[in-house]
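Structural description and commentary
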Amino acid sequence: MKFLTMHTVILATVAILVFSSPAIAQDIQPASETAGFVFNSSMLLISGLAMMFMAAGFCLLQVGLAQSKNAATICLNTIAVVSIAGIMFWLTGYNILYNVPVDGLLTPFMEWWIWQPGIATEQTGSGHSSHASWYFQMVFAVIVASIVAGALAERIKFWSFLVFTIFLTGFVYPIQASWEWGQGYLHTTWQFADFAGSTLIHSTGGWAVLAGVIILGPRTRYVGTRTDRRPASSVPLATLGTFILWLGWFGINGGSRMAAGSTEDILAISQIFVNTNASAAAGVLAALVLTSVLYKKVEATAVLYGAIGGLVSISAEPLMPAIWQSLVIGAVGGAIVTLAIPLLDRFRIDDAVGAISAHLLCGIWGTLVVVWSNNSTTTSDNAPSIVGQLIGIIMIGVFVFTVSSLIWLILKHTIGIRVISKQELSGLDGTESHQETVRNSPAQMRQPGEIR
Amino acid sequence: MKFLTMHTVILATVAILVFSSPAIAQDIQPASETAGFVFNSSMLLISGLAMMFMAAGFCLLQVGLAQSKNAATICLNTIAVVSIAGIMFWLTGYNILYNVPVDGLLTPFMEWWIWQPGIATEQTGSGHSSHASWYFQMVFAVIVASIVAGALAERIKFWSFLVFTIFLTGFVYPIQASWEWGQGYLHTTWQFADFAGSTLIHSTGGWAVLAGVIILGPRTRYVGTRTDRRPASSVPLATLGTFILWLGWFGINGGSRMAAGSTEDILAISQIFVNTNASAAAGVLAALVLTSVLYKKVEATAVLYGAIGGLVSISAEPLMPAIWQSLVIGAVGGAIVTLAIPLLDRFRIDDAVGAISAHLLCGIWGTLVVVWSNNSTTTSDNAPSIVGQLIGIIMIGVFVFTVSSLIWLILKHTIGIRVISKQELSGLDGTESHQETVRNSPAQMRQPGEIR
Amino acid sequence: MKFLTMHTVILATVAILVFSSPAIAQDIQPASETAGFVFNSSMLLISGLAMMFMAAGFCLLQVGLAQSKNAATICLNTIAVVSIAGIMFWLTGYNILYNVPVDGLLTPFMEWWIWQPGIATEQTGSGHSSHASWYFQMVFAVIVASIVAGALAERIKFWSFLVFTIFLTGFVYPIQASWEWGQGYLHTTWQFADFAGSTLIHSTGGWAVLAGVIILGPRTRYVGTRTDRRPASSVPLATLGTFILWLGWFGINGGSRMAAGSTEDILAISQIFVNTNASAAAGVLAALVLTSVLYKKVEATAVLYGAIGGLVSISAEPLMPAIWQSLVIGAVGGAIVTLAIPLLDRFRIDDAVGAISAHLLCGIWGTLVVVWSNNSTTTSDNAPSIVGQLIGIIMIGVFVFTVSSLIWLILKHTIGIRVISKQELSGLDGTESHQETVRNSPAQMRQPGEIR
């Protein structure tokens, strides 16, 4: 202030009034508000893009781990899942998730809006585009269903899986997610904390898988007491899939901030990137060291699982932990997957791609550890508690497992869920058909890779 | 306003004058202008990145559908196409596209600037970086040529294809695109509407393919009246390619807005994302259901085509349709591909990757349906009409098909366009060579995967 | 200005004072500052994402070029490298790189902060998030180590490579990078110019490879005077890898601007995109034409190397060159790779993926050519000189080659660096194990693709 005159006092008053006047404020603030709105919406769109690529990541991981005779079927499952989730989340999912009453458990289905599919009208005051938010949220449903797609591969009937996906993405996933992200019961009563889906996405996928594999039964690969070892058909494709998942996870965890337009928001997202990467890296190294110590060798696939385990574990709270805490969280996640996969195999819980270990168990671990990593910085009033986290895990587990089991059982006793043994042995790509006789008819299309 | 004194009136006047004064305004507004400029340019760069990945997507889709003995040749074609398009669009393409006279048909080639390759000087007043815009536009040329690369695979001579690509990306594509995006004849006289290239990109690629396959003739895979069925060599790679294309399409359709820096723009882009995804999903499900009904089985490749069909169909107008309209547009697109591929095969129009069905036919469908989806919200004066759309489709079709045919014919009668039958049967990867005798000389490089 | 009264003069004074008053300025400017901060940080995060995908790109390129019996080992190496680099760059790397004294050569290791791993505290005045910057910088260490991973494939011991990676990413890379990017000796005394790592990243990786291949010795594929030709196991995967690298390079070169929030910055990034693409395209076409002329055939893999050569060459200065200069720089880079690979092979410098040719030699070329492309626009005082560039290249070369050799030699005489010949012949995927006897024990995990 070079011109310190007696006018300064007047000017200060002028300035305060100028800037506190709403009429004037509109001339200045919108620039900032607009930028914030664009930042937030862009971030959701870009995060959604990175996350949507994860569908391809899951597909490749599953194709790489499975036998090549089922590869085309897994691909078909994945692209069908993306499409069904995209439509169901519009028909019912989004409304169910975000219209649950505060502290409630279920959206009142009878109200008019549930029968009016769609996305809320754009409200510029909301800080981001509703459509961008919808796109971002929709991909979560895609991810949940993609987890299920792989685990049941190699023996499930294609159409039964599609029907299950309709219910999973349109109802099961959004109902339980509404309890937390829709400001429902778990959020309000229990301060349940799950920032980016350790429980709401990954455990939910894992519970649906668990119900499925129990009712579906294991693949015919157990001879007496021994398991028939099946080589991964393509470690490179599985590795590419894992890298794609790793990258998409920055979208999940960063995007879940739902805002990027302020210094505070972008600092949070940057911290989330660093923690997410640390947890994944620690998961890889934990799996690497643990398999070396236990089995005296390193398996590429075990290490890929280690990355997924680390990433699932950090998802419940990727912002608050210090970097060393993120390393610990991820390392434990990597260890859980490494130990759980052979254990589940011993109990003949036959999960073709380790989804129960990586998504369900690490999801539970990640949700519980929030109490440790979050405690220091949050005030005690709304800090997550071990009881609240446990109640959330159990409520969602019981709900998803029960409803999924019900759907699988109904499907089993109607259209059937398992291909016949001959089909399973010769591979689903060649035989999973509803009318085998058409197979060699001239009417068939020329493109191969078909699921007959 | 806590200090409501008599000074308020004066202050209000002060404020109005302060903010209406241009001299002062420059202190405030540039922040917003700068942000807008950065938003717009960043969006073009990021969209361009996502779109450029589509070259890899086309490559993988084509490799996955073709026979493995031609895989390296297809890869070589794709990476050469990206490079040639990148240089030709600088040498001539960009200038041809954006210097056409208003309501004109052809850039005056004799003017100095056409011989001065390059990108327009940066003008900060334009709202975005010219170089960012150039990069974004250049990728369109890459995509057009990538469509052609795959369809003619498995029998075309490598060098002939490269020469064709030079003309396609440097002249044919930009001339017809200038009629619409360069504010030329179709835009001005006919209010032709093609927001993101259903006709300008996809049909153009499709017409070039059609000219090529007719002059080139079908692959030697027809035995009497039957078609020799050829399995896709890798459904997983084709699926990965399709997912990459799906993602890149958000770049095409969203980026074609050419601006992201205002609330209106980002709302439009968000809506475009939702509609684009809906159309792709509907294309997948239409192909899924239709193949099940018609052929009593589901083919993975048919479903991949369904996604492409849906995406091409929504490209002409991805903003205006309601979501349910996007679903209808995509479903019809998916159905068109599903029905057209075996039909074209019956007529022995041998398009190795279904490009004519997916890009040409769905491109026409998408361009026509704009009249339906766009009508409600646009004033009648500049709303697209069915006549205008048809004239655009026909003009571009006649132009591209004629010029492409001419180029193919000249190539056929000079350097030749088709490999000899022996080469075709043993695969292009091993035999497409201009001097077979060098093959075993010690001078040859050690890297394999060569195109000899 | 409709109200031109005598008050205008007063008002102008008011306005000037209002906007020059710091107290008031904080009410207005932060919007712009915030936007700039968010732009810069977002750009670093998004660039980092694109670059991190390059780890998968290197993996696929290397898997595609190598023999399939070593594919799983290469995948394992890559994902381990990403994890180790991620942790080492936190433990020591970042501090070493950015705490070197001005004009210095080595961070004082004894100071407290070097033993306190981590990332600098966030400073909002710095223009971007420290965590975003850390994430971006960390990926550079990943890339350096990824270059090494592939070149030594097919005969190196897994654990020895991991130990080397710890030293490379935690010490060797950051020490030499601090001389330039940490404002150390080369930057201050010699005005050494390496914008995005032609020398600091690519040559560094290349020198580490050169030390490795000399000490490790060639693969057992030389029979008398002839080289045993080994086909690339998958040209499609190698091509996909190359496309991913090409895309990630926009992140490297664009992101190295470290700012995107002003018109000047985004114009620079846009120009960088165009130049980077031009150089890659020219590298492809140079390799295409040169192999045709020299060997009378075109090899897909040679063309892929051409792209990498072009990209490495433009990295030292991607902003200043005109487009035609970028084309020249890239074309020479493509030619260097094309000629160097068979030459090195003749000298039995056995680099499994051409890393020495593509990264070391093109890195040197790119660093030298800065003097030509940069001269016109920079004032003579701080323009890079040919002497300064040579000193930088030599200093870094001597340092990295010497230290790497030392590490390799120590490893060779302790835990060993080369697998036994039998293992090499049967492929590392099946035999690279530390306790062969466990192989068939029931304790082993079921997942295959293992590195035993």
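Residues numbered from 1 in each chain as written. Chains lettered and ligands numbered in written order. Predicted model: local features only at pLDDT ≥ 70, side-chain atom pairs only at ≥ 80, totals over all residues. Heavy atoms only, no water.

1. Some points on the overall build of chain A
Per the secondary structure count, chain A includes 15 helices and 4 strands. Here chain A, with 452 residues, has 67% of them falling under the buried criterion. (Helix = DSSP H or I, 4+ residues; strand = E, 2+ residues; numbered from the N terminus. Buried < 20%, exposed > 50% of the residue type's maximum accessible area, 1.4 Å probe, protein only.)

2. As for the environment of Val-274 of chain B
Inspection of the secondary structure assignment puts Val-274 of chain B in helix α9 (residues 263-295). Between the C-alpha atoms of Val-274 of chain B and Ser-326 of chain B, which are 52 residues apart in sequence, the distance is 9.0 Å.

3. Describing unusual backbone geometry
Where the residue is not glycine, phi is negative for most of them; where a peptide bond is considered, it is trans in most cases. Residues and elements named next belong to chain C. Notably, Asp-103 is not glycine yet its phi reads approximately 70 degrees, a positive angle. Positive phi outside glycine occurs at Lys-296, with the angle close to 60 degrees. Mapping Lys-296 onto the fold places it in the loop between α9 (263-295) and β3 (298-299).

4. Comments concerning the packing of helix α9 (residues 263-295) of chain A against helix α4 (residues 130-151) of chain C
Where α9 of chain A contacts α4 of chain C, the two axes come as close as 7 Å, and the packing angle between them is 40 degrees. With respect to each other, α9 of chain A and α4 of chain C are oriented oblique. As for the relative orientation of α9 of chain A and α4 of chain C, their crossing is left-handed in sense. Taken together, the residues of α4 of chain C that come into contact with α9 of chain A (itself represented by Ser-270, Gln-271, Phe-273, Val-274 and Asn-277 of chain A) are His-131, Ala-132, Trp-134, Tyr-135 and Met-138 of chain C. (Axes fitted to C-alpha atoms, helices over the stretch in contact; angles between N-to-C directions. Parallel < 35°, antiparallel > 145°, perpendicular 65-115°, else oblique. Left-handed = near helix turned anticlockwise from the far one by under 90°. Contact = heavy atoms within 4.5 Å.)

5. Notes on a nonpolar patch on the surface
A contiguous nonpolar surface patch, about 430 Å² in accessible area, is contributed by Ile-386, Val-387, Leu-390, Ile-394 and Val-398 of chain A. Mapped onto the secondary structure, Ile-386 of chain A falls in helix α13 (residues 386-412). (Patch = residues over 30% accessible without salt bridge, like charges linked within 9 Å, V, L, I, M, F, W, Y side chains within 5 Å. Areas by Shrake-Rupley, 256 points an atom, 1.4 Å probe, with all protein chains shown as cover. Salt bridge = Lys/Arg side-chain N within 4 Å of Asp/Glu carboxyl O.)

6. Considerations on the side chain of Ser-42 of chain B
Within the element layout of this structure, Ser-42 of chain B appears in helix α2 (residues 22-65). Polar contacts involving the side chain of Ser-42 of chain B include one to the main-chain carbonyl oxygen of Val-38 of chain B, which spans 2.6 Å. (Polar contact = N/O pair within 3.5 Å; in protein donor to acceptor, adjacent residues only side chain to side chain.)

7. Notes on helix α12 (residues 355-374) of chain C
For α12 of chain C, spanning 20 residues, the distance from its first C-alpha to its last is 27 Å, which sits close to the expected 28 Å at 1.5 Å a residue. Of all 20 residues in α12 of chain C, 15 are buried, a share of seventy percent or more. (Expected span 1.5 Å × (residues − 1).)

8. What about the state of the cysteines?
Residues and elements named next belong to chain A. A complete count under the given rule lists 0 disulfides over all chains for this structure. Left without a disulfide partner, Cys-75 is nearest to the cysteine sulfur of Cys-59, which lies 3.9 Å away. For Cys-75, a relative accessible area of 1% corresponds to the buried category. (Disulfide = S-S within 2.5 Å.)

9. Regarding the environment of Leu-361 of chain B
Residues and elements named next belong to chain B. Inspection of the secondary structure assignment puts Leu-361 in helix α12 (residues 355-374). Leu-361 sits in the partly exposed class, given a relative accessible area of 30%. With 209 residues separating them in the primary sequence, Leu-361 and Leu-152 have C-alpha atoms 17 Å apart.

10. So, the confidence of the model for chain A
The predicted coordinates of low-pLDDT regions are not to be read in fine detail. All names here are of chain A. Of the residues in chain A, 81% reach a pLDDT of 70 or more, and the chain-wide mean stands at 83. Note on residues 1-31: pLDDT is under 50 here. Beyond four places in sequence and across chains, it has 30 contacts. Note that pLDDT drops below 50 for residues 432-452; the model gives that stretch 72 contacts with residues more than four away or on any other chain. Listed scores for the predicted complex are pTM 0.89 and ipTM 0.88. (pLDDT = per-residue confidence, 0-100.)

11. Considering the pattern of salt bridges
All names here are of chain A. Evaluation of the coordinates by the stated rule reveals 9 salt bridges over all chains. Residue Arg-257 is joined to Glu-264 by a salt bridge in which the shortest nitrogen-to-oxygen separation is 4.0 Å. Look at Arg-257 and you get partly exposed, because its relative accessible area is 22%. Judged by relative accessible area, Glu-264 falls into the exposed class, the value being 59%. Here Lys-297 ties to Glu-299 by a salt bridge, and the two come within 3.3 Å at their closest N and O atoms. Across the pair, Glu-299 and Lys-297 agree in class, each one buried.

12. Things to note about the packing of aromatic side chains
For the structure shown, the criterion picks out 51 aromatic pairs over all chains. Each residue in the set Phe-89, Tyr-94, Tyr-98 and Trp-134 of chain A is aromatic and connected to the rest through ring pairs, giving one cluster. (Phe/Tyr/Trp six-rings, centres within 6.5 Å; stacked < 30°, edge-to-face > 60°.)

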